[in-house]
Amino acid sequence: MDYKNAGVDIEAGYRSVELMKKHVQQTMRKEVLTNLGGFSGAFSLEAFKGMEKPTLVSGTDGVGTKLKLAFLLDRHNTVGIDCVAMCVNDIACAGGEPLFFLDYIACGKNEPEKIASIVSGVAEGCIQSGAALIGGETAEMPGFYPQDEYDLAGFAVGIVDEKDLITGKNVKEGDVLIGMASSGVHSNGFSLVRKVFEMTRKNLECYHEGLGTTLGEALLAPTKIYVKALKSIKEKGIAVKACSHITGGGFYENIPRMLPEGKRALVEKGSYPVPPIFEMLQREGSIATEIMYNTYNMGIGMILAVDASDADAAAEAIRTAGERPYLIGRIENGERGVDIC
């Protein structure tokens, strides 16, 4: 009897590391001091000594049950982008620059090519956000996960000068809300998605004229990473007063998190186009509109509050970074919360 007979293939683990090295290497920053394969990753903060009060910000998250679609379609090269996005977008919300990322993959059976495909997506997410992939862990856990399934989670660290933290404390009546377009469902609400749509390969591979793609492609579209858009706004000298990453809980839970007491957000429904996947999901699932806005991003992945005089310049900075901005509402005085009308 040996470890391999117990279900853990150490040699497969070595091969996984070799296959992922080319992807990881693409994410390197000059501050990285260690190579892949060590017991930890080291990252120098020497370049940030010029900050008045350098402050670390962090984020951790996973992909959730969206992974079930990746299993069904045997497509694993995009969920890593989702994993990175869920972490680095939270860091960007605080005004931070993501520095490095670590991933954790737990699987029933280590298939090196599949693991490398997952990590290729993680690396792509790191490239999009400017973060270095400095380490991670692949845990083969037979008997805990089915052989063809896995879980994926990650952790990111960023930095911001304390004076540049986005806190929401200076939000005032008349400030403008700018929404940045999402790519679709992103990585939240998939337990409900899987109740609404038949989760078979045949159904997911069915082309829908209204979507312009297959159902599976629309649902697996990776989460947008908004780091470069926030950086573009900052480089223009525009102050982002508040910022909300629209994840689980949709508009109703996430927008109030960026507001101080005594301030309320008003979002105008007709101010931006709702992607067809949400209309299809609501129709097929007979889901109430309020539930949709309380569960999904409804086409807006991140919302910013800026001074009204900065709104046009901020929108242009977002476009320069390759994202689509919409002026979706404003800040009013009132009980902290959000009205969608």
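You'll find the structure just up there.
Residues numbered from 1 in each chain as written. Predicted model: local features only at pLDDT ≥ 70, side-chain atom pairs only at ≥ 80, totals over all residues. Heavy atoms only, no water.

> Explanation requested: the packing of aromatic side chains in the structure shown.
Aromatic ring pairs are described here by two measures, namely the spacing of the ring centres and the angle between the planes. Inspection of every chain in the model, using the stated rule, returns six aromatic pairs. Aromatic side chains F71 and Y150 sit 4.9 Å apart centroid to centroid with 75° between the ring planes, which places their arrangement in the edge-to-face category. Taken as a pair, F71 in helix α2 (residues 67-73) and Y150 in strand β4 (residues 150-161) lie far apart in primary sequence, 79 residues in all. Across the pair, Y150 and F71 agree in class, each one buried. Look at Y272 and Y326: their rings are 6.3 Å apart centre to centre, the planes differ by 45°, and that puts the pair in the tilted class. One end of the pair, Y272, is in the loop between β9 (263-267) and α10 (276-285); the other, Y326, is in strand β11 (residues 325-333), and 54 residues separate them in sequence. Each member of the pair Y272 and Y326 is classed as buried. (Phe/Tyr/Trp six-rings, centres within 6.5 Å; stacked < 30°, edge-to-face > 60°. Helix = DSSP H or I, 4+ residues; strand = E, 2+ residues; numbered from the N terminus. Buried < 20%, exposed > 50% of the residue type's maximum accessible area, 1.4 Å probe, protein only.)

> So what exactly am I meant to see when it comes to the sheet that holds strand β8 (residues 242-245) here?
Backbone-to-backbone hydrogen bonds pair the strands of a sheet. The strands run either parallel or antiparallel. Within the open sheet, the six strands sit side by side as β8-β10-β5-β11-β9-β12. Their pairing is mixed. Two strands in the sheet have a free side with no partner beyond their single neighbour: β8 and β12 (337-340). For this sheet, the mean angle separating the axes of adjacent strands, direction not counted, is 25°. Bridge count between β9 and β12: four bridges; the pairing is parallel. The residue of β12 that forms the bridge with A265 is V338. This element, helix α8 (residues 227-235), spans β5 (176-181), β8 and β10 (300-306) of the sheet and lies at about 15° to β10. (Pairing = 2+ DSSP bridges. Axes fitted to C-alpha atoms, helices over the stretch in contact; angles between N-to-C directions. Contact = heavy atoms within 4.5 Å.)

> Explanation requested: the environment of H245 in the structure shown.
Counting through the fold element by element, H245 comes out in strand β8. Classification of H245 by relative accessible area gives buried; the value is 5%. Separated by 154 residues in sequence, H245 and I91 place their C-alpha atoms 9.6 Å apart. Discounting chain neighbours no more than four positions away, the residues touching H245 are A85, M86, N89, D90, C93, N254, G301 and M302.

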